[in-house]
Amino acid sequence: MLYADLHSHTLASDGTQPASDNVRIAFETGLGAIAITDHDTVAGVDEALEAGKQLGITVVPGVEVSTLSKGQDIHVLGYYIDHHNALFLERLGEMRNVRDRRNEMMLERLNELGLSMTMDDVKASLIQSKKADETIGRPHIADALVRKGYVASMTEAFDRYLGKDGAAYVNPPRIGPTTAIQWILEAGGVPVLAHPGLYDQDELIEELAANGLAGLEVYHSDHSPEQEQHYKQIAERHALIITAGSDFHGERNGVVFHAPIGSRKVSVDVVDQLNQARRKAHERS
């Protein structure tokens, strides 16, 4: 049986490897499909699609849209979006502007806490310079904190400063997840709620399911076995497509963040389910 890992990040956002490397690793791992789902950008998709053609592995074009609900980050994955759709690209640009502002606010907080940190420090720690349609996120700031010796690891950076309970955590206003679902649908894609076990908002799933949500990322590297069973039951109750993803971000300081490609996977039949959902949505529109 062939499997698919439907959540991975590249240099286009806060991953550490080119999109083609993600595809190569998926191929070498024996997967039948890999999704590229960078934060608020589709800049790595074309490179991944080309690598997929060369290696004979299915690449699912995707994105992970940042939203906010009750002060909590909520991420909505969009699969098989038209990644050249002008309106969708414009909307993603708006999301990147909010992300940039959030980065600056976090840096301001860090300085207030006595940790001297500038955006130049963050950019100095990047593997390569960012293009206009690529993103800088918290892992980049965490990496800079490690490099400057303020923390010993990425985990410590998030636990002490950048995670939702961290001293420098901020969350400026963003669109809600229902809006992200609508954007994804309008771009011809299939919306799936990412890692629901990180939110403590199970009631949100029912609300989103009534507003176009097509799937739930049941299997994720940050979910416990108990959570995976719990969200499998919720997905089945609401007739949502059950997906899985490693949330691979590459390796930093010798540690893979979050988990290796293929560590969470589902049958490639799920890719067919996503395609069927896309076609049905198109027929209704």
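Throughout what follows, the structure given in this document is the object of discussion. (Residues numbered from 1 in each chain as written. Predicted model: local features only at pLDDT ≥ 70, side-chain atom pairs only at ≥ 80, totals over all residues. Heavy atoms only, no water.)

A cis geometry characterises the amide bond from phenylalanine 257 onward to histidine 258, with omega recorded as -10°. Structurally, histidine 258 is set in the loop between strand 9 (255-256) and strand 10 (266-267). Phi is positive for aspartate 40, which is not a glycine, with a value near 55°. Inspection of the secondary structure puts aspartate 40 in the loop between strand 2 (33-36) and helix 2 (45-55). Although it is not a glycine, alanine 239 sits at a positive phi angle of roughly 55°. Following the sequence through the fold, alanine 239 ends up in the loop between helix 9 (225-237) and strand 7 (241-245). Judged by its relative accessible area of 69%, alanine 239 is exposed. (Helix = DSSP H or I, 4+ residues; strand = E, 2+ residues; numbered from the N terminus. Buried < 20%, exposed > 50% of the residue type's maximum accessible area, 1.4 Å probe, protein only.)

The next subject is the pattern of salt bridges. Where side chains of opposite charge bring their charged atoms close, a pairing between them can arise. Under the definition given, this model contains 14 salt bridges. Close ionic contact of aspartate 73 with arginine 102 constitutes a salt bridge, the shortest N to O distance being 2.9 Å. Of the two residues, aspartate 73 sits in strand 4 (residues 72-79) while arginine 102 sits in helix 3 (residues 86-112), which places them 29 residues apart along the sequence. There is no split in this pair, since aspartate 73 and arginine 102 are both buried. With its nearest N and O atoms 2.9 Å apart, the salt bridge here joins glutamate 156 to arginine 160. Of this pair, glutamate 156 and arginine 160 both sit in helix 6 (residues 154-162), separated by four residues, roughly a single helical turn. Among the residues examined, glutamate 156 registers a relative accessible area of 23% and is labelled partly exposed. Members of the salt-bridge network, linked through shared partners, are Asp73, Arg102, Arg138 and Arg174. (Salt bridge = Lys/Arg side-chain N within 4 Å of Asp/Glu carboxyl O.)

Honestly, it's all geometry; don't read function into it.
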